[in-house]
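# Chains, contacts and geometry: an overview
Given next are the chains, with one letter for each unit.
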Amino acid sequence: MTQVHIIGAGIHPFGRHDDKTGLDQGVHAVREALADAGLEWSDIQFAFGGSSAAGSADAALPRLGLTGVQFINISNGCATGGSSLLSGYWAIKSGEFDLGVVIGFDKHPRGAFNADPEASGLPRWYGETGMMLTTQFFAMKIRRYMELHDISATTLGRVAVKAYENGTVTPHAWRRSPVDLETIMTSQMLSDPLTKFMFCSPAEGGVALVLASETKMRELGLAGPRVRGAAVRTRPKGSFEVFAPSLDIERGVSPTELASKAAYDMAGVGPGDIDVAQIQDTESGAEIMHMAENGFCADGEQEQWLAEGATRLSGKLPINTDGGCLACGEPIGASGLRQVYENVQQLRGRAEARQVGGARLAYSQVYGAPGLSAVAILEI
Amino acid sequence: MSQVVAEGVFVEGAGGPRMIAGRRKADGEIRFPMPSGADAALYDAIEVTGEGRLWSYTMQRFRPKTPPYIGDDDEKSFKPFALGYVEFPGQVIIEGRILVDDIADLKIGQPMRVAIEKFPTSSRGELSTYAFEPAT
């Protein structure tokens, strides 16, 4: 069976870049990924890519080279990057292609995202009366979770402390300064129990990865992590998602639980085998809940894990080693691929001051509106 | 006289306001609001009955972006408001604004009832909308 490897990785640092478009940052990432693999754009057989707010990814073609390459634009909400990776994975797995690129970039206006009720199939009054904010959803989801599983507000704060701590040793991060627990806990409350420093911000950035079949990789004399499992899943009945005027009484599992299980099954490994993980941390609460939804701990155990520093770089399972969305910001189209980029750096031993020693299996999970999750498991 | 936020969202009767939801004819699944357009034919409109229980909640502390928000306020005059989900046992869990000034007293599971809130807007005058309040 054809194996799929990541043989090149490039990134444009995340943050705010007033002098650059989203596309500029995407093109930068592709050139860096190609240089990393020692390849030319003309070598590339296919590309998948997308942005949420910065235009079509194939607008990169005139700048990269009009080679006639198959280029497909991907648009899949917050899982756009994960979906591009999955598309590239299957393109090679099918045997149809053996060398391609996946690309994601974005550039958003400052502040919370604007939402359009009618585009989401919702009545206009829902947005008019102030109930259509992703921030509220995150707050209400973690509020109930905290109540059911005895999670304290301090634990939410500790997630953010760790994120900014990791950001200080990550060249591609936006927030590079540490923030102490007290500052996080006493910063402006945006939507209780979440304060300003517990939320990520919309940002800018670009990421690109070069994928190859194992045969092609060897032919080129290159090496890189193997994609052992990859899956995208959407919201099942009874899951709790953004922009929901009502919920079923009977509660169900989340799209993350479905994607996670599918990826573990495909990879033939379990949560206990994972050495390093990047999981969606749109805000502190999301990281807490995703720790359990991805199987790393039971509901409620996060309280002790965070108190012990189990998810710090020195802990038993380092999580969001580059500071995640909290320290990098969230350019939607690029965010999921940033997680994979970070895992590639970790597995190749190139993560410098944030290197997790001996990392062999790396996990990534991106989640977002309107209720979908993408998981990838890499092995070196 | 204020205008209702939208027709068919709630009714005001002798026993106080009640939410109107849709029950799918095929399997009895209940959703709020009652679907409109082509899907409406698949549902029966029903009144949500009985006392609710607070399922989750938060406080909106910054002014939501316009559009879609149409509150008659600005960044400076905006007053934070509470909102949350209320479970109506055996029926459905509904999201709405909550009529309390401070959420410190709210507790998941506490009894809640439906109320009417006057909501001043910048483009539609004063609207009458549903909200929830502690039942005790």
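Heads up: the structure comes first, above all this text.
A brief report on the enclosed structure follows.

Rules used in this analysis
- Residues numbered from 1 in each chain as written.
- Chains lettered and ligands numbered in written order.
- Predicted model: local features only at pLDDT ≥ 70, side-chain atom pairs only at ≥ 80, totals over all residues.
- Heavy atoms only, no water.
- Helix = DSSP H or I, 4+ residues; strand = E, 2+ residues; numbered from the N terminus.
- Rg over C-alpha atoms; globule rule 2.2 N^0.38 Å.
- Buried < 20%, exposed > 50% of the residue type's maximum accessible area, 1.4 Å probe, protein only.
- Contact = heavy atoms within 4.5 Å.
- Areas by Shrake-Rupley, 256 points an atom, 1.4 Å probe, with all protein chains shown as cover.
- Lys, Arg positive; Asp, Glu negative; His and termini not counted.
- Charge placed at Lys NZ, Arg CZ, Asp CG, Glu CD.
- Axes fitted to C-alpha atoms, helices over the stretch in contact; angles between N-to-C directions.
- Parallel < 35°, antiparallel > 145°, perpendicular 65-115°, else oblique.
- Nonpolar A, V, L, I, M, F, W, Y, C, P; charged D, E, K, R; others polar.
- Left-handed = near helix turned anticlockwise from the far one by under 90°.
- Polar contact = N/O pair within 3.5 Å; in protein donor to acceptor, adjacent residues only side chain to side chain.
- Pairing = 2+ DSSP bridges.
- Disulfide = S-S within 2.5 Å.
- Core = buried A, V, L, I, M, F, W, Y, C linked by side-chain atoms within 4.5 Å.

## Considerations on the overall build of chain B
The helix and strand tally for chain B stands at zero helices and ten strands. Beginning at the N terminus, the succession of helices and strands in chain B can be written as β-β-β-β-β-β-β-β-β-β. The C-alpha radius of gyration computed for chain B amounts to 16 Å, which stays within 12% of the reference 14 Å derived for 136 residues, consistent with globular compactness. With the principal axes as the frame, chain B shows a C-alpha extent of 50 × 35 × 30 Å. Counting only residues that meet the buried cut, chain B has 49% of its 136 residues in that class. Restricting to contacts in chain B with at least 6 residues of sequence separation, those with at least 24 account for 51%.

## Section: the overall build of chain A
Summing up its helical and strand segments, chain A has 13 helices and twelve strands in all. For chain A, whose C-alpha radius of gyration is 20 Å, the value lies close to the compact-globule estimate of 21 Å for 380 residues. Projected onto the principal axes, the alpha-carbon positions of chain A cover approximately 55 × 45 × 40 Å. Burial analysis of chain A (380 residues in total) assigns 63% to the buried set. Partitioning the intrachain contacts of chain A with sequence separation of at least 6 by distance along the chain shows that 75% fall at a separation of at least 24. On chain A, roughly 13,100 Å² of surface is accessible, and the fraction owed to carbon and sulfur atoms is 49%. Positive and negative side-chain charges in chain A, numbering 32 and 43 respectively, have mean positions lying 2 Å apart.

## Re the environment of A153 of chain A
All names here are of chain A. Its place among the elements puts A153 in helix α6 (residues 153-167). A relative accessible area of 31% places A153 in the partly exposed class. A sequence separation of 150 residues divides A153 from E303, and the C-alpha atoms of the two residues are 9.8 Å apart. Residues within four places of A153 in sequence aside, it is in contact with M146, M185 and M198.

## Thoughts on the packing of α6 of chain A against helix α10 (residues 284-293) of chain A
Residue and element names in this part refer to chain A. For the pair α6 and α10, interaxial distance at closest approach is 8 Å and the crossing angle is 100°. Overall, the two elements α6 and α10 adopt an arrangement that is roughly perpendicular. Listed contacts from α10 to T155, L156, V159, A160 and K162 of α6 are S284, G285, E287 and I288. Along the lines of polarity and charge, the residues of the contact of α6 with α10 split into four nonpolar, three polar and two charged.

## What to know about the packing of helix α5 (residues 134-149) of chain A against α10 of chain A
All names here are of chain A. Where α5 contacts α10, the axes come no closer than 9 Å and their chain directions differ by 60°. Taken as axis vectors, α5 and α10 run oblique relative to one another. For α5 against α10, the interelement crossing comes out left-handed. Of α10, the residues touching α5 (which contributes K141, I142 and Y145) are G285, I288, M289, A292 and E293.

## Description of unusual backbone geometry
Following D192 of chain A, the chain continues into P193 of chain A via a peptide bond in cis, with omega recorded as 10°. Along the chain, the position of P193 of chain A falls in the loop between β5 (189-191) and β6 (194-195). Residue P67 of chain B follows T66 of chain B across a cis peptide bond; omega there is -15°. Summarising the element assignment, P67 of chain B is placed in the loop between β6 (52-60) and β7 (81-88). The phi torsion at E352 of chain A lies on the positive side, around 50°, for a residue other than glycine.

## Considerations on the side chain of K162 of chain A
Residues and elements named next belong to chain A. Residue placement: K162 occurs in helix α6. Polar contacts involving the side chain of K162 include one to the side chain of E287, which spans 2.9 Å. At 2.8 Å, the side chain of K162 forms a polar contact with the backbone oxygen of I319.

## Considering the pairing of strand β4 (residues 99-107) of chain A
Residue and element names in this part refer to chain A. Among the nine residues of β4, eight are classified as buried, and the element is accordingly described as predominantly covered. Inspection of the sheet shows strand β2 (residues 46-50) paired to β4 by five bridges, in the parallel sense. Note that in β4 the partner of A47 across the bridge is V101.

## Notes on the state of the cysteines
Residue and element names in this part refer to chain A. Scanning all chains against the criterion turns up zero disulfides over all chains. Of all cysteine sulfurs, the one in C325 lies closest to C78, which takes part in no disulfide; the gap is 8.8 Å. By relative accessible area, C78 is classed as buried at 12%. Among the cysteines around C325, which has no disulfide bond, C200 carries the closest sulfur, lying 4.9 Å off.

## A closer look at the nonpolar core
Ranked by size, the top nonpolar core spans 96 residues in total, and within it I377 of chain A together with Y130 of chain B carry the most contacts. When residues in this core are grouped by element, the largest group, seven residues, is from α5 of chain A. Contact partners of I377 of chain A, with chain neighbours within four places excluded, come to R226, V227, R228, G229, A263, Y264, A267, V269, I274, L361, A362 and Y363 of chain A.

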